[in-house]
Amino acid sequence: MANSHSAEILITVLYTELRRLAARSHWRYGAGETMRSTVLVSETFLKLRASPDFQDERHFLRTAALAMRQILVNHARARLTAKRGGGADVLLDDDLPVFWESDERLVALDDALRQLALVNQRLVDIVEYRFFGGFSEAETGELLGINERTVRREWVKAKALLLDHMQDA
């Protein structure tokens with residue numbers, strides 16, 4: 001890959017951008033949540049450092065949004081296992097906020113996203129960018145190579161399909 005950049009270079013260059021995204025994303029509920037965003041971004045970077053080279057900034061940001069989704073869902077699953085007496089260690093127990101109604105709802109969202117990916121991966125990409133990555137409609141459109149109106153329309157469609165699937169589950 002002639003145009004590839006190492007994770008270290010992209011992390012250094014884009015750290016400020018991802019902190020900004022985390023600060024305005026759905027898991028921030030006030031001034032006291034700053035540390036929680038920091039923990040999420042730090043965990044994301046630990047995960048990204050283990051990744052292979054990235055092709056470009058777009059590839060890095062896409063991978064970061066997916067990593068945030070995985071970290072939050074894994075955290076929710078671990079908390080649910082611990083609640084059921086599974087004895088799982090929850091390393092970040094109070095460091096990551098519950099930004100959804102509950103851990104159960106976050107796991108249900110992840111399951112619904114897996115089902116939606118079988119039908120329309122771009123809708124899943126939009127949800128990952130907007131919900132987990134905290135990107136605006138314009139930023140999401142730029143990353144996906146589509147216009148902002150398409151992002152807005154497909155964001156509404158994705159939310160409706162996900163809620164429908166989650167209610168049926």
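Bear in mind that the values here come from a model prediction, so they are computed numbers and not experimental data. (Residues numbered from 1 in each chain as written. Predicted model: local features only at pLDDT ≥ 70, side-chain atom pairs only at ≥ 80, totals over all residues. Heavy atoms only, no water.)

1. Remarks on the side chain of Thr44
If you trace the backbone, Thr44 turns up in helix α2 (residues 34–49). Residues contacting Thr44, with those up to four places away along its chain left out, are Ala64, Ala67, Met68 and Ile71. (Helix = DSSP H or I, 4+ residues; strand = E, 2+ residues; numbered from the N terminus. Contact = heavy atoms within 4.5 Å.)

2. With respect to the pattern of salt bridges
What the rule picks out here adds up to 10 salt bridges. Note that Asp110 and Arg69 form a salt bridge whose closest N and O atoms lie 2.7 Å from each other. Here Asp110 is found in helix α4 (residues 103–117), whereas its partner Arg69 is found in helix α3 (residues 57–83), with 41 residues between them in sequence. Note on Asp110: relative accessible area 2%, which makes it buried. With its nearest N and O atoms 3.4 Å apart, the salt bridge here joins Arg77 to Asp111. Taken as a pair, Arg77 in helix α3 and Asp111 in helix α4 lie far apart in primary sequence, 34 residues in all. We classify Arg77 as partly exposed; its relative accessible area is 31%. Assessed through its relative accessible area of 33%, Asp111 is described here as partly exposed. Here the residues in one salt-bridge network are Arg62, Arg69, Arg77, Asp110, Asp111, Arg114, Asp125 and Glu128, joined through shared partners. (Salt bridge = Lys/Arg side-chain N within 4 Å of Asp/Glu carboxyl O. Buried < 20%, exposed > 50% of the residue type's maximum accessible area, 1.4 Å probe, protein only.)

3. Describing the packing of helix α6 (residues 137–144) against helix α7 (residues 148–168)
Contact geometry for α6 and α7: axes closest at 8 Å, N-to-C directions at 105 degrees. Taken together, the axes of α6 and α7 lie roughly perpendicular to each other. Within the contact between the two elements, α6 uses Glu137, Ala138, Thr140 and Gly141 and α7 uses Glu148, Val151 and Arg152. (Axes fitted to C-alpha atoms, helices over the stretch in contact; angles between N-to-C directions. Parallel < 35°, antiparallel > 145°, perpendicular 65-115°, else oblique.)

4. Quick word on the layout of surface pockets
Each pocket or cavity is described by its volume, and for the second largest pocket that value is around 150 Å³. Taken together, Glu17, Glu57, Arg58, Leu61, Phe135, Glu139, Glu142 and Leu143 make up the lining of the second largest pocket. For the lining of the second largest pocket, the residue count by class is three nonpolar, no polar and five charged. (1 Å grid on protein atoms, 1.4 Å probe; cavity = no way out; pocket = protein on both sides within 12 Å on 5 of 7 lines; lining within 4 Å. Points joined across faces, edges and corners; volume = space filled by probe spheres on them. Nonpolar A, V, L, I, M, F, W, Y, C, P; charged D, E, K, R; others polar.)

5. Some remarks on the environment of Glu43
Here Glu43 shows up in helix α2. The spacing of Glu43 and Ile71 is 28 residues in sequence and 7.5 Å in space, taken between C-alpha atoms.

6. Remarks on the side chain of Asp125
Its location among the elements puts Asp125 in helix α5 (residues 121–132). Excluding residues that lie within four positions of it along the chain, Asp125 makes contacts with Arg62 and Leu144.

7. Describing the nonpolar core
Residues Phe60 and Leu109 are the most contacted members of the largest nonpolar core, which totals 39 residues. Of the residues forming this core, the biggest block, 11 residues, is contributed by α3. (Core = buried A, V, L, I, M, F, W, Y, C linked by side-chain atoms within 4.5 Å.)

8. Details of the environment of Leu123
Relative to the assigned elements, Leu123 resides in helix α5. The exposure class assigned to Leu123 is buried, which follows from its relative accessible area of 1%. When the C-alpha positions of Leu123 and Ala158 are compared, they lie 5.6 Å apart, and in sequence the two are 35 residues distant. Leu123 has contacts with Leu116, Glu154, Lys157, Ala158 and Leu161, leaving out every residue within four places of it along the chain.

9. A short note on the packing of aromatic side chains
Evaluation of the coordinates by the stated rule reveals two aromatic pairs. For the ring pair Tyr129 and Phe135, a centre distance of 5.4 Å and an interplane angle of 90 degrees mean the geometry is edge-to-face. Tyr129 sits in the buried class, given a relative accessible area of 2%. Taking the centre distance of 5.0 Å and the plane angle of 85 degrees together, the rings of Phe131 and Phe132 count as edge-to-face. Residues Phe131 and Phe132 agree in their burial class; the two are buried. Arg62 extends its terminal NZ or CZ atom over the ring of Tyr129, reaching a point 5.8 Å from the ring centre. In this structure, Arg130 is placed above the aromatic ring of Trp155, and the distance from its NZ or CZ to the ring centre is 5.0 Å. (Phe/Tyr/Trp six-rings, centres within 6.5 Å; stacked < 30°, edge-to-face > 60°. Lys NZ or Arg CZ within 6 Å of the ring centre and 35° of its normal.)

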